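Residues per chain, in single letters:
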Amino acid sequence: MTSRSASAFFLTMKIRWLTFLSFFMISAVVPFLAFGNNAEADQGRDDYIIQPGDLLQVQIFQEDDLTRTVRVTQGNSITLPLIGAVDVAGLTPRRAQDLIRSLYDRDYLVNPQVNVGVTEYAPRTLNVMGAVNKPGVVQFPQEEELTLVDAIARAGSFNRFADRRKVKLSRTNDDGRTVTEVIDVDELMDNGTNDSWPLQRDDVIFVPERIF
């Protein structure tokens, strides 16, 4: 074999090897990218806290028999194969993902790749009553929090009889006790602290009328 023929032979073999290697890498990576970018399951905002009633999709890469779509119970838990009940109270989808990965990794799988997303958000509502223009149920924006001032605005804002300095916010705690706070909304707005008093699902806001 001449020097030129040998060079051509080795060049051809190198090209074939690189082509094979590229195909192999693409074949391995594409399924993983598809797994991580499932359009039906949205991880959403990093600060969104999973709520009772949310529908979650839990995927384990290359473990289709472990993939589940589960509803969060009122006790803030979900049930998954092998690891059983998982407490997701106070967790974002990303933190829930990390927790589930660690539980599978502990006893069942080697370095599992887990994806947790929200496929359906539970409705979150509260009530705004009294001297507002549209009293009734106010719904939280999806994936977002709501403040006292925002909720009153969504209820049509104060009417002309409202006592803005004695707005009552009632909340039932986990132990069943109802706590009521009296809030001066005018002071909040004057001080530029509209973001104060973040609300929770099932809160009740009551705006009294002024006494003339």
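Relevant structure appears above.
Residues numbered from 1 in each chain as written. Predicted model: local features only at pLDDT ≥ 70, side-chain atom pairs only at ≥ 80, totals over all residues. Heavy atoms only, no water.

### Here we look at the sheet that holds strand 7 (residues 136-139)
One open sheet accounts for five strands, arranged 7-6-10-8-9; its pairing is mixed. Of all the strands in the sheet, the pair left with one neighbour each is strand 7 and strand 9 (178-183). Here the average twist between neighbouring strands, direction ignored, is 25°. Pairing of strand 6 (residues 125-130) with strand 7, which is carried by four bridges, proceeds in the antiparallel orientation. Each residue of the ladder has a partner; that of Leu-126, found in strand 7, is Val-138. (Pairing = 2+ DSSP bridges. Helix = DSSP H or I, 4+ residues; strand = E, 2+ residues; numbered from the N terminus. Axes fitted to C-alpha atoms, helices over the stretch in contact; angles between N-to-C directions.)

### Here we look at the side chain of Asp-203
Within the secondary structure layout, Asp-203 lies in the loop between helix 4 (185-190) and strand 10 (204-207). Within the local environment of Asp-203, its side chain forms a polar contact with the backbone nitrogen of Gln-200, the two atoms lying 2.7 Å apart. Ignoring any residue separated from it by four or fewer positions in sequence, one finds Asp-203 in contact with Leu-126, Asn-127, Leu-169, Ser-170 and Arg-171. (Polar contact = N/O pair within 3.5 Å; in protein donor to acceptor, adjacent residues only side chain to side chain. Contact = heavy atoms within 4.5 Å.)

### Let's talk about the sheet that holds strand 5 (residues 114-120)
Taking strand neighbours across the sheet as the criterion, the three strands line up as 2-1-5 in an open arrangement whose pairing is antiparallel. Every other strand in the sheet has two partners, leaving strand 2 (68-71) and strand 5 as the edge strands with one partner each. When strand polarity is set aside, the average angle formed by the axes of neighbouring strands in this sheet is 25°. Strand direction decides the pairing type here: strand 1 (residues 55-60) and strand 5, joined by six bridges, are antiparallel. In the sheet register, Ile-60 faces strand 5, and the bridge partner there is Val-114.

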